[in-house]
Amino acid sequence: MVRRIRLVLVAAIVAVFASLVAAPAAASGRTDLDRIHDRLLRHDPGAPLLIAAHRGQWRDAPENSLAAIRHAIADGAEIVEIDVRPTRDGHLVLMHDETVDRTTNGTGKVSELTLAQVKSLRLKKGLGGAQAPLTSHTVPTFEEAMLAVKDRAMVNLDKGWPVREQMYEVLRRTGTVDHGLFKGSPTVAEAAAFMEKDPEILYMHIINDGTAGVVGTFPGRQPVAYEVVFDDAADPQVQPATLAKIREESRIWINTMWKNLAIDYTDEASLRDERLGWRTVVRSYGASMIQTDNVEALDYWRDGGDLDRYGKLPGNRSIRVEAEDFAPGGEGVGYHDLDPNRCTVARLDEGVDICDLEGAIAVNWIRAGEWLKYSVTVEKAGVYDVSARVSSPYSPAGTITLDWGHTESGPFSIGNTTHHEAFEVQPLERRYLGKGEHEFVVRMDENAYQNFNLDYLQFDHIGR
């Protein structure tokens, strides 16, 4: 009896303590979505920058998958951009392309497939592609996506303006109308009429060279943001007066995924130098919302991180060697058949092709038998993890060997990253390096298929 009384007393004390701890949160009833709304509706000069994840966090999961949505939120995005399309039998699913070919193991237009047919497909890794590996993930419905973000984040509804009424009904049914950011470039009258149907509807208007004049012409409630697309600093939509007018009642949304969305201010250029990307679109063009393919890096920079240190170990434990900084003389046997659609800026050195891939300066169009000589200065002797930042949509992508003069290591297989511009750091080897300068050669196997891009090599000191 005494033991039972003690247990009851302990349980009562625990319950009271738990209620006291939970009381502030319960009393406020505030969710992550509420806090995002507070920030979204600020237009003052100190309004915090909001991050939108392009097609979700496709670096960790297939684009437009539920896992990509969850990873994007976990990595710091307040907004997840998704693409919405209708199936043949009238259901809404997440799919960027008109067809399912690139991102799944199926074929055909979404509009010609039933929901059951779409649901039977499996999504490919990352950005997909003909040779991308399959995953266990499936295509989500729009309703499933909204339930995944409920109270946690907003969604930017791309490709969905033609089915806006149907999307609205899903949002209303799931209690997430205030989570959706509708977008499009219809007439002002059409957009205004849609906003009038519900005060919770949030709308973003897309403007370019030909539509800059619509800013300030919306009757009544204004768009919560304008998506500003420009490829020249002289474009009318990015003139100071126009940008100032937008900021009076709306936010400025700028895309930095690839070139000509915001001149050359891209994610990859930002990783080289913040002034080549995010810093400029924020300070010179007033961006208060950025859509990105590099969620973690942008969140790191937004929090005050130095991009020169991004991806490196603390202190001076990492050494980075840029791929284009190879030693001159005798490198490569390239054909010089550069594709202008892939190589916007080229430099040819002894057969080596160096291109600007959406802001990343990389050695690319790598072929069998090519080789590159580098030197690395080691300030602290010890064991180093050697890795390479690479990209390729192919399987296999290539095989390389590291020749250190007295020893060779490898061969190392380069993995499929699902796109030429989808760079990722892949481990190569672990080795001891003494203090001083070391020369090494990166050799492409003559007997293996080679088609990958090399951004840099990195040496991370992990111990003695």
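Residues numbered from 1 in each chain as written. Predicted model: local features only at pLDDT ≥ 70, side-chain atom pairs only at ≥ 80, totals over all residues. Heavy atoms only, no water.

Notes on the environment of Pro162
Inspection of the secondary structure puts Pro162 in the loop between strand E4 (154-158) and helix H6 (164-174). The exposure class assigned to Pro162 is exposed, which follows from its relative accessible area of 70%. Sequence separation between Pro162 and Arg85 is 77 residues; the distance between their C-alpha atoms is 9.1 Å. (Helix = DSSP H or I, 4+ residues; strand = E, 2+ residues; numbered from the N terminus. Buried < 20%, exposed > 50% of the residue type's maximum accessible area, 1.4 Å probe, protein only.)

Points about empty space enclosed by the protein
Enumeration according to the criterion identifies one cavity of 30 Å³ or more in this entry. The calculated volume of the largest cavity comes to roughly 40 Å³. Contributing to the lining of the largest cavity are Glu63, Asn64, Leu94, Met95, His96, Thr103 and Leu123. Its residues assigned to classes, the lining of the largest cavity shows three nonpolar, three polar and one charged. (1 Å grid on protein atoms, 1.4 Å probe; cavity = no way out; pocket = protein on both sides within 12 Å on 5 of 7 lines; lining within 4 Å. Points joined across faces, edges and corners; volume = space filled by probe spheres on them. Nonpolar A, V, L, I, M, F, W, Y, C, P; charged D, E, K, R; others polar.)

Some words on the sheet that holds strand E17 (residues 408-414)
Strands pair in a sheet through their backbones, by hydrogen bonds, and they do so in one of two ways: parallel or antiparallel. Pairing is antiparallel across the open sheet formed by four strands, whose spatial order is E14-E19-E16-E17. Two strands in the sheet have a free side with no partner beyond their single neighbour: strand E14 (371-378) and E17. With direction set aside, neighbouring strand axes in the sheet form an average angle of 25 degrees. (Pairing = 2+ DSSP bridges. Axes fitted to C-alpha atoms, helices over the stretch in contact; angles between N-to-C directions.)

As for helix H5 (residues 142-149)
When H5 is considered as a whole, its buried residues turn out to be Phe142, Ala145, Met146, Ala148 and Val149. Along the axis of H5, the buried residues cluster in a sector spanning 155 degrees; they form a single face. Looking at the buried residues of H5, the elements they touch are helix H3 (66-74), strand E2 (79-86), strand E3 (92-94), E4 and H6. After H5 finishes, the residue Asp151 shows a positive phi value of roughly 70 degrees. (Arc of directions from axis to C-beta. Contact = heavy atoms within 4.5 Å.)

Remarks on unusual backbone geometry
In this model, Ser395 is joined to Pro396 through a cis peptide bond whose omega is -5 degrees. On the secondary structure map, Pro396 appears in the loop between strand E15 (382-392) and strand E16 (398-403). The step from Gly410 to Pro411 runs through a cis peptide bond, and the omega angle for that step is 0 degrees. Within the secondary structure layout, Pro411 lies in strand E17. Residue Arg55 is not a glycine yet carries a positive backbone phi of 60 degrees. Mapping Arg55 onto the fold places it in the loop between strand E1 (50-53) and H3. Assessed through its relative accessible area of 8%, Arg55 is described here as buried. The backbone of Thr418 shows a phi angle near 85 degrees, a positive value even though the residue is not glycine.

Digging into the packing of H3 against H5
Here H3 crosses H5 at 25 degrees, and the two axes come no closer than 10 Å. Taken together, the axes of H3 and H5 are roughly parallel relative to one another. Here H3 runs over H5; the crossing is right-handed. Of the residues in H5, those touching H3 at Leu66, Ile69, Arg70 and Ile73 are Glu144, Ala145, Ala148 and Val149. Looking at the contact of H3 with H5 residue by residue, the class counts come to six nonpolar, no polar and two charged. (Parallel < 35°, antiparallel > 145°, perpendicular 65-115°, else oblique. Left-handed = near helix turned anticlockwise from the far one by under 90°.)

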